[in-house]
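Letter by letter, the chains look like this.
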Amino acid sequence: MSELLLTLAVKSVLVVSVCMLMVAYLTLAERKILGFIQLRYGPNRVGYWGLLQPIADGIKAFLKEELTPANADRKVFLLAPIISIAAPMLLLVVIPFGDTVTLFGREFTLYLSNPDIGILFVLGISTLGSYGGVLGGWASGNKYGYIGGVRSTAMMVSYELSMAFAVICVVLLSNSLSLVDIVHSQAGVWNIFKAPVAFLIFLISGLAELNRTPFDMPEAEAELCCGYNVEYSSMKFALFFFGEYTHLFILGCLTTTLFLGGWHGPLLPGIIWFFIKTFAVIFLCIWQRATFPRLRWDFVMKLEWKFLLPLAIVNVLATGFIVAIF
Amino acid sequence: MLESMLLYLAAALTLVTSVMVAVTRNTVHSALWMVASCFLLAVVFLFLRLQFMAALQVIIYAGAVMMFIIFAIMMLNLRVNPGRIQLRSTKTAGLVLVLFLFPALLLLLGMGRGIAALQGQVSLRALEQFGEVPLLANVMFSDYLLPFELVSILLTVGVIGAVALAKKRKD
């Protein structure tokens, strides 16, 4: 019993610290990749090739002054950044980074937990996480923040649907809700080849849930001067920022797990394959940010309700039909 | 033992948060208490070994439905409920409801007769034998197929009604 607890504690600390370090360096990666695409250097002053930049940013965030606007709702104002970082960190629990490894004559699983309802847990917790942005915008008592919050709710309610339908396709193909079983079922053919449409729908709605650039309505800096986080400063802002990048990392992990065969791959060990695929997805997300301009608000809604959602429903019906026949 | 204690704790917290929904003045705070209440109800489901129900409770109620309610509150800008809540007219109705519903619920629980009144197809043994999702699916899509379809028709009617109300008239 105590040995089990010890293993679990060590694994939790390891997963959280390694993943959070990766997330911290994602901020640098994004700025470097965007710089490369736009023919500029990106951060290159702190450390060699700007490698200490995330640490400098963290120290800066700690040392800045904390401000709470006079007409803010203090409790909710404090609660919002906590929600937006806690939810994606909670999702690290169910991500299967690899299969089992044998160390010191004992078998260890490379995931913290494998609940039977894995994928539903992910959907549930990520919806709860989106309350962070909504409440942050509402509680700051600022009109831009307010509009950002309202947009955030509308985006979340709409894009959840198509994302859930894309996930249902994967569940139909793998015949299980557990993330580990979904990876096991892709040992032969990856789901992206079986369900390419579901993959595209999942990625697009994932980007919308992340508030990344073609869909970053809640924080469009040109119209809302940063939207829901406009009144936040210091560590509270850093928590929002960090939460968003953790969410990006989770999206990469989930896409890998659901569609790209998880840890399966030739030659290299599973966990390395997992991170190669994850970072490929994350690179794609950053790349498209530099490629597509921001959509107008009504186009974002039209895209979901008039295109993605009907397509996702037809896709589920077709997949169900094919699964039932073969 | 520990598990049932945690179950009672979660149930008690659900009740407390539900009361907070009713007594909080600020509309958004009230909605937040309701999110907490839905979430805690999911925890109660977890301790009753209904993982699937717990997940659906969080996704649908704590996530989607409450997000819609908060969206509506924010769109209508109901920041703080002005003045005292007008309870007088609803007080008697509420009292009558409580006086009748609470004993009815207790009767349903079968006071003194154990929980025999509640024993349906979803029992602990059936859960272990078939698994939760197949069990629920079997019950829902065979015995209760007609009510299930009727509910979906009801929901569709609601959606069509909302669209019809929101549509601009051309005159």
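Rules used throughout
- Residues numbered from 1 in each chain as written.
- Chains lettered and ligands numbered in written order.
- Predicted model: local features only at pLDDT ≥ 70, side-chain atom pairs only at ≥ 80, totals over all residues.
- Heavy atoms only, no water.
- Phe/Tyr/Trp six-rings, centres within 6.5 Å; stacked < 30°, edge-to-face > 60°.
- Helix = DSSP H or I, 4+ residues; strand = E, 2+ residues; numbered from the N terminus.
- Lys NZ or Arg CZ within 6 Å of the ring centre and 35° of its normal.
- Buried < 20%, exposed > 50% of the residue type's maximum accessible area, 1.4 Å probe, protein only.
- Contact = heavy atoms within 4.5 Å.
- Expected span 1.5 Å × (residues − 1).
- Buried area = accessible area lost by both parts, 1.4 Å probe.
- Salt bridge = Lys/Arg side-chain N within 4 Å of Asp/Glu carboxyl O.

**Side note on the packing of aromatic side chains**
All names here are of chain A.
Now for step 1: Evaluation of the coordinates by the stated rule reveals 14 aromatic pairs over all chains.
Now for step 2: Taken together, a centroid distance of 5.9 Å and an interplanar angle of 25° make the contact between F237 and F241 stacked. Remark: F241 and F237 occur in helix 11 (residues 234-258); sequence separation between them is four residues, near one turn of the helix.
Now for step 3: Aromatic rings pair up to connect F97, F249, F274, F275 and F279 into one cluster.
Now for step 4: If you follow K32 out to its NZ or CZ, it ends over the ring of W49, 4.5 Å from the centre.
Now for step 5: K302 extends its terminal NZ or CZ atom over the ring of F299, reaching a point 5.6 Å from the ring centre.

**Describing the environment of V15(A)**
Residue and element names in this part refer to chain A.
Now for step 1: Inspection of the secondary structure puts V15 in helix 1 (residues 2-37).
Now for step 2: Residue V15 is classed as buried on the basis of its relative accessible area of 15%.
Now for step 3: Between the C-alpha atoms of V15 and F97, which are 82 residues apart in sequence, the distance is 9.4 Å.
Now for step 4: Beyond its immediate chain neighbours, meaning those up to four positions away, V15 contacts L92, F97 and L112.

**Digging into helix 3 (residues 74-91) of chain A**
The α-helix advances 3.6 residues per turn, and as a result positions three or four apart in sequence lie on the same side.
Now for step 1: Between its first and last C-alpha, helix 3 of chain A extends 27 Å over 18 residues, near the 26 Å set by a 1.5 Å rise per residue.
Now for step 2: Of the residues making up helix 3 of chain A, those classed as buried are V76(A), F77(A), A80(A), P81(A), S84(A), I85(A), A87(A), P88(A) and L91(A).
Now for step 3: Those residues of helix 3 of chain A that are buried lie in contact with helix 4 (118-129), helix 5 (131-139) and helix 11 of chain A together with helix 2 (27-47) of chain B.

**Remarks on the environment of L112(A)**
Residue and element names in this part refer to chain A.
Now for step 1: Within the fold, L112 resides in the loop between strand 2 (106-109) and helix 4.
Now for step 2: L112 sits 77 residues away from G35 along the chain, and the two C-alpha atoms are 36 Å apart.
Now for step 3: Excluding its chain neighbours within four sequence positions, the residues that come into contact with L112 are L8, K11, S12, V15 and V93.

**Considerations on the interface of chain B and chain A**
Now for step 1: Counting from both sides, the interface comprises 24 residues of chain B and, opposite them, 26 residues of chain A.
Now for step 2: For the chain B and chain A pair, buried surface summed over both sides reaches about 2200 Å², with 78% attributable to carbon and sulfur atoms.
Now for step 3: In this structure, the connection of chain B to chain A is made through zero salt bridges.
Now for step 4: Contributing elements (two or more residues each) for the side of chain B that touches chain A: helix 2 and helix 3 (51-76) of chain B.

**Some thoughts on unusual backbone geometry**
All names here are of chain A.
Now for step 1: Of note, L39 is a non-glycine position whose phi angle comes to about 55°, a positive value.
Now for step 2: Within the fold, L39 resides in the loop between helix 1 and helix 2 (53-63).
Now for step 3: For L39, a relative accessible area of 80% corresponds to the exposed category.
Now for step 4: A positive phi is found at W49, a non-glycine position, where the angle reads about 55°.
Now for step 5: With respect to the helices and strands, the residue W49 is situated in the loop between helix 1 and helix 2.

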